[in-house]
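Listed below, chain by chain, are the residues.
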Amino acid sequence: MLLLFTVGEDRFGLDVRHVVEVIPHVNLKRLPKTPDYVAGLFNYRSVAVPVIDVSKMISGDMVRRHLSTRIIVVDYPYGGGGKHMLGLLAEHVTETAKFDRSAFISSGRGAQSAEFLGELAIDEKGMVQCIRLDKLLPADLRDTLFSPIEDEKIQAEAG
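Because the structure is predicted, anything quoted here is derived from the model rather than measured. (Residues numbered from 1 in each chain as written. Predicted model: local features only at pLDDT ≥ 70, side-chain atom pairs only at ≥ 80, totals over all residues. Heavy atoms only, no water.)

### Examining the overall build of the chain
Secondary structure summary: the chain contains 3 helices and 10 strands in total. For the chain, the α and β elements follow one another from N to C terminus as β-β-β-β-β-α-β-β-β-β-β-α-α. Residue burial in the chain is summarised as follows: out of 159 residues, 43% are buried. Nonlocal contacts in the chain, meaning residues at least 24 apart in sequence, comprise 53% of its contacts between residues at least 6 apart. Carbon and sulfur atoms make up 51% of the accessible area of the chain, which totals about 8,700 Å². (Helix = DSSP H or I, 4+ residues; strand = E, 2+ residues; numbered from the N terminus. Buried < 20%, exposed > 50% of the residue type's maximum accessible area, 1.4 Å probe, protein only. Contact = heavy atoms within 4.5 Å. Areas by Shrake-Rupley, 256 points an atom, 1.4 Å probe, with all protein chains shown as cover.)

If you want it as structure tokens, here you go:
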């Protein structure tokens, strides 16, 4: 089962097993010295959660504010079986879809810079590009956002 969202005219999907909650867009605290697709931080049940603008990351265009623009809170897999909360800011987060295993095909993409783009699923509405959550963040950014020292600083700033 995939949670669907859009970037421009393209549909993307995220395995619902990673999704903790889908929440409305909230104000975010900017994080200096991070890539422009890092939208900021927000307080999620007393935890400071970094948020990635998936539109900016994929297309270069910032997410637009629609009524259906949401933050998808996920359990981001991080080293040795650990997980950290991560927010994905996305447009048109309105539905889930179940795909038969036979509906998936290889995306044929070979770009190392986009290894977070997984298989394609095909349905009557067209194609859905799957997001490989474990490959979403570059290692250096992942280490910055989720290092123990940064966790303490982020918690203090968000408090």
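### Brief notes about the pairing of strand E6 (residues 70–78)
Looking at chain direction, strand E3 (residues 19–24) and E6 are connected through 5 bridges and run antiparallel. Bridge assignment links Val22 to a residue of E6, and that residue is Ile72. Bridge count for E6 against strand E7 (residues 82–97) is 9 bridges, and the pairing is antiparallel. Each residue of the ladder has a partner; that of Pro77, found in E7, is Lys83. (Pairing = 2+ DSSP bridges.)

### Some points on the packing of aromatic side chains
Within the structure shown, the criterion is met by 4 aromatic pairs. With a centroid separation of 5.9 Å and 15° between ring planes, the pair formed by Phe5 and Phe12 is classed as stacked. Phe12 shares its class with Phe5; the two are buried. Centre to centre, the rings of Phe42 and Tyr44 are 6.1 Å apart; their planes meet at 65°, and the pair counts as edge-to-face. (Phe/Tyr/Trp six-rings, centres within 6.5 Å; stacked < 30°, edge-to-face > 60°.)

### Topic: helix H2 (residues 139–146)
Every buried residue of H2 is accounted for by Leu141, Leu145 and Phe146. The arc enclosing the buried residues of H2, seen along the axis, measures out at 110°, which places them on a common side. (Arc of directions from axis to C-beta.)

### Describing the nonpolar core
Core analysis: the biggest nonpolar cluster contains 29 residues, and Phe5, Ile52, Ile72, Leu86, Leu88, Leu136 and Leu137 have the highest contact counts within it. With 4 residues, the top contributor of residues to this core is E7. Apart from the residues within four sequence positions on either side, Ile72 is in contact with Leu3, Phe5, Leu14, Val19, Glu21, Val22, Leu86, Gly87, Leu88, Ala90 and Val93. Membership of the second largest hydrophobic core comes to 10 residues, among which are Ala39, Tyr44, Val49 and Val63. (Core = buried A, V, L, I, M, F, W, Y, C linked by side-chain atoms within 4.5 Å.)

### With respect to the environment of Phe12
When you line up the elements, Phe12 lands in strand E2 (residues 10–15). Taking the relative accessible area as the measure of exposure, Phe12 reaches 6% and is therefore buried. Put simply, Phe12 and Leu120 are 108 residues apart on the chain and 8.9 Å apart in space, counted from C-alpha to C-alpha. Once residues within four sequence positions are removed from consideration, Phe12 is found in contact with Leu3, Leu4, Phe5, Val7, Ile58, Leu117, Val128, Gln129 and Ile131.

### A look at the pattern of salt bridges
The full count for this structure, using the stated rule, is 6 salt bridges. Note that Lys56 is salt-bridged to Asp36, the shortest N-O span being 3.5 Å. Remark: Asp36 occurs in the loop between E3 and strand E4 (38–44) and Lys56 occurs in helix H1 (residues 54–59); sequence separation between them is 20 residues. On the basis of relative accessibility, which here comes to 53%, the residue Asp36 falls in the exposed class. For Glu91, the salt bridge is made with Arg64, and the minimal N-O distance between the two is 2.8 Å. (Salt bridge = Lys/Arg side-chain N within 4 Å of Asp/Glu carboxyl O.)

### Quick look at the side chain of Glu91
Here Glu91 lies in strand E7. Engagement of the side chain of Glu91 in a polar contact is seen with the backbone nitrogen of Arg64, the distance being 2.6 Å. Among all residues touching Glu91, those that are not within four sequence positions of it are Phe5, Thr6, Ser55, Met62, Val63, Arg64, His66, Ser68 and Thr69. (Polar contact = N/O pair within 3.5 Å; in protein donor to acceptor, adjacent residues only side chain to side chain.)

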